[in-house]
Amino acid sequence: MILPIHYQETYVIRQEVLRKGKPIETCYFTGDTEKSTAHFGFFHEEKLIGVISVFNSPSTLFQEKSQIQIRGMAVLDKFQQNGIGNQLLLHAENYCKQQKVEIIWFNAREKAVQFYKKNAYKILGDAFEIPEVGMHFVMYKQVMEY
Ligand SMILES: CC(C)(COP(=O)(O)OP(=O)(O)OC[C@H]1O[C@@H](n2cnc3c(N)ncnc32)[C@H](O)[C@@H]1OP(=O)(O)O)[C@@H](O)C(=O)NCCC(=O)NCCS
């Protein structure tokens with residue numbers, strides 16, 4: 001079951017999956033507390049096991065006026081490869097469509113690129129390094145045209 005969650009709930013999952021062994025402060029993202037930011041959680045037997053957040057954060061790489069950046073996409077290791085990531089991503093996409101968002105973009109970890117490609121996201125440009133996190137690609141999908 002996917003539900004809206006408070007930003008503070010995302011931290012424990014982000015830490016365990018995306019910032020292993022690093023302080024909780026590394027899981028605080030700029031914009032987490034903004035009203036325009038939405039956080040969603042996947043619950044299994046009432047336990048939070050996956051998260052995704054969408055930020056009203058336009059990139060100069062895209063022309064579209066209405067853009068959303070996905071950040072903090074994470075499913076606990078032992079629940080991965082069960083379709084939960086797909087469901088979270090689809091939920092975020094549907095939310096974006098309701099908000100009349102034109103384009104979804106994000107910085108994808110190298111390891112997650114295939115997952116996003118399966119969900120019809122495209123790579124823009126070359127790989128780049130995010131310090132302390134690793135190689136990333138900008139990926140995007142046009143969700144609506146006006
Ligand atoms: C990336 C992640 C969110 C995907 O969630 P998930 O629940 O494991 O993904 P799903 O089970 O929904 O997978 C959907 C499809 O993508 C594929 N897939 C998932 N992760 C993959 C990977 N790392 N490499 C290649 N394919 C992958 C699955 O095999 C599945 O394919 P299928 O539909 O042909 O069976 C999750 O693995 C994760 O949290 N990884 C670590 C953190 C991370 O990298 N987050 C993304 C940051 S940009």
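Described in the following lines is the structure provided in the data block. What you see is a predicted model; the values in this text were computed from it and never measured.

**Things to note about helix α1 (residues 7-18)**
For α1, which comprises 12 residues, the first-to-last C-alpha distance of 15 Å matches the rise-based estimate of 16 Å (1.5 Å per residue) to within 8%. For α1, the set of buried residues is Thr10, Tyr11, Ile13, Arg14, Val17 and Leu18. Looking at the buried positions of α1, the neighbouring elements they touch are β2 (38-44), β3 (47-55), β4 (67-75) and β5 (103-109).

**A few points about the sheet that holds β5**
Consider a sheet: its strands pair through backbone hydrogen bonds, and that pairing is either parallel or antiparallel. Reading across from one edge, β1-β2-β3-β4-β5-β7-β6 is the order of the 7 strands in this open sheet, with mixed pairing throughout. The strands lining the two open edges of the sheet, one partner per strand, are β1 (2-4) and β6 (122-130). Taken over all neighbouring pairs, the strand axes of this sheet differ in orientation by 25° on average, direction set aside. As judged from the 3 bridges shared by β1 and β2, these two strands associate in the antiparallel manner. Bridging from a neighbouring strand, Ile2 pairs with Phe42 of β2. Across the face of the sheet, α1 comes into contact with β2, β3, β4 and β5 while running at roughly 105° to β3. Contacts from helix α2 (residues 84-98) reach β1, β2, β3, β4, β5 and β7 (134-142) within the one sheet, and its direction differs from that of β4 by about 160°.

**A few points about the site of the ligand**
As a matter of local geometry, the ligand sits amid 21 residues, with Met73, Gln81, Gly83, Gly85 and Lys118 nearest to it. Measuring from an oxygen atom of the ligand, one finds a backbone N or O atom of Val75 at 2.9 Å. Asn86 has a polar backbone atom sitting 2.9 Å from an oxygen atom of the ligand. Summarising the interface, the protein chains cover 73% of the accessible area of the ligand, which totals 900 Å² for the free molecule. Those elements giving two or more residues to the shell around the ligand turn out to be α1, β4, α2, β5 and α3 (113-118). Top element by residues in the shell around the ligand is α3. It accounts for 4 residues. Residues that form the shell around the ligand fall into these classes: 10 nonpolar, 8 polar and 3 charged.

**Let's talk about the pattern of salt bridges**
Scanning the entire structure with this criterion turns up 3 salt bridges. In this structure, Asp77 engages Lys20 in a salt bridge whose closest nitrogen and oxygen atoms are separated by 3.0 Å. Of this pair, Asp77 sits in the loop between β4 and α2 while Lys20 sits in the loop between α1 and β2, and the two are 57 residues apart along the sequence. Judged by relative accessible area, Asp77 falls into the partly exposed class, the value being 43%. Lys20 gets classed as exposed once you look at its relative accessible area, which sits at 51%. The residue Lys141 makes a salt bridge to Glu93 at a minimum N-O spacing of 2.9 Å.

About the criteria used
Residues numbered from 1 in each chain as written. Predicted model: local features only at pLDDT ≥ 70, side-chain atom pairs only at ≥ 80, totals over all residues. Heavy atoms only, no water. Helix = DSSP H or I, 4+ residues; strand = E, 2+ residues; numbered from the N terminus. Expected span 1.5 Å × (residues − 1). Buried < 20%, exposed > 50% of the residue type's maximum accessible area, 1.4 Å probe, protein only. Contact = heavy atoms within 4.5 Å. Pairing = 2+ DSSP bridges. Axes fitted to C-alpha atoms, helices over the stretch in contact; angles between N-to-C directions. Near = heavy atom within 4 Å. Polar contact = N/O pair within 3.5 Å; in protein donor to acceptor, adjacent residues only side chain to side chain. Areas by Shrake-Rupley, 256 points an atom, 1.4 Å probe, with all protein chains shown as cover. Nonpolar A, V, L, I, M, F, W, Y, C, P; charged D, E, K, R; others polar. Salt bridge = Lys/Arg side-chain N within 4 Å of Asp/Glu carboxyl O.

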